[in-house]
Amino acid sequence: MYAEGEGVPQDYKTAVKWYRLAAEQGFAVAQSKLGWMYAEGQGVPQDYTLAHMWWNVAASQGDKHAKNNRDKVEKEMSPTQIETAKRLARECEKKKYKGCGKPWWKFW
């Protein structure tokens, strides 16, 4: 709702907050939405590495859109960024999606 401004004022930072809470519960759609927010720099600084990481996590749970988005963003990334994103995704899955990527407080 916050990302689209449906019934509430559009607020990307608040959308990221709610997507992150849902993503940490294992919801692939929220993980994919976080990937989009990072790719577009909406509510967070633009970061293709974190976009790739979230899309990789969502894709591993069967989200086909996340896989396509991940593959597209790779074209804008260096090999080092891609390897970092993959490592972060593996770490995220090991932590059961809690505290993935950069600490949230760095963005507020």
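Scroll up a little and you will see the structure.
Residues numbered from 1 in each chain as written. Predicted model: local features only at pLDDT ≥ 70, side-chain atom pairs only at ≥ 80, totals over all residues. Heavy atoms only, no water.

Chemist: Could you give an account of the packing of helix H3 (residues 48-60) against helix H4 (residues 64-73), with specific residues and numbers?
Modeler: Packing of H3 against H4 brings their axes to within 8 Å, and their N-to-C directions diverge by 150 degrees. Taken together, H3 and H4 sit at an angle that is classed as roughly antiparallel. As H3 packs across H4, the resulting crossing turns out to be left-handed. Residues Tyr48, His52, Trp55, Asn56, Ala58 and Ala59 of H3 form the contact with H4, whose participating residues are Ala66, Lys67, Asn69, Arg70 and Val73. Taken together, the residues of the contact of H3 with H4 sort by class into six nonpolar, three polar and two charged. (Axes fitted to C-alpha atoms, helices over the stretch in contact; angles between N-to-C directions. Helix = DSSP H or I, 4+ residues; strand = E, 2+ residues; numbered from the N terminus. Parallel < 35°, antiparallel > 145°, perpendicular 65-115°, else oblique. Left-handed = near helix turned anticlockwise from the far one by under 90°. Contact = heavy atoms within 4.5 Å. Nonpolar A, V, L, I, M, F, W, Y, C, P; charged D, E, K, R; others polar.)

Chemist: Lay out the nonpolar core in plain terms, naming residues and giving numbers.
Modeler: The biggest cluster of nonpolar side chains holds 30 residues, and the ones touching the most others in it are Leu34, Tyr38, Met53 and Trp54. For this core, the secondary-structure elements that each account for two or more residues are helix H1 (12-23), helix H2 (28-40), H3, H4 and helix H5 (79-94). Per-element accounting of this core gives the leading share, eight residues, to H3. (Core = buried A, V, L, I, M, F, W, Y, C linked by side-chain atoms within 4.5 Å. Buried < 20%, exposed > 50% of the residue type's maximum accessible area, 1.4 Å probe, protein only.)

Chemist: I'd love a proper account of the state of the cysteines, names of residues and values included.
Modeler: Enumeration over the complete set of coordinates arrives at one disulfide. Between the sulfur atoms of Cys92 and its disulfide mate Cys100 the distance is 1.9 Å. Taking the torsion about the sulfur-sulfur bond, which here is approximately 85 degrees, the covalent link between Cys92 and Cys100 counts as right-handed. Of the two residues, Cys92 and Cys100, neither departs from the other in class, the shared state being buried. (Disulfide = S-S within 2.5 Å.)

Chemist: Hey, could you go over the pattern of salt bridges for me, with residue numbers and the actual values?
Modeler: Counted under the stated rule, the structure contains three salt bridges. Taking the shortest distance from any N to any O, the salt bridge between Asp71 and Arg70 comes out at 3.2 Å. Using a relative accessible area of 14% as the deciding quantity, one classes Arg70 as buried. Between Arg87 and Glu91 there is a salt bridge, with the nearest N and O atoms lying 3.0 Å from each other. Taken together, the residues span about one helical turn, with Arg87 and Glu91 both in helix H5 at a distance of four residues. Of the residues examined, Arg87 reaches a relative accessible area of 37% and is grouped as partly exposed. Residue class for Glu91 comes out partly exposed when judged on its relative accessible area of 34%. Through salt bridges that share partners, Lys67, Arg70 and Asp71 make up one connected network. (Salt bridge = Lys/Arg side-chain N within 4 Å of Asp/Glu carboxyl O.)

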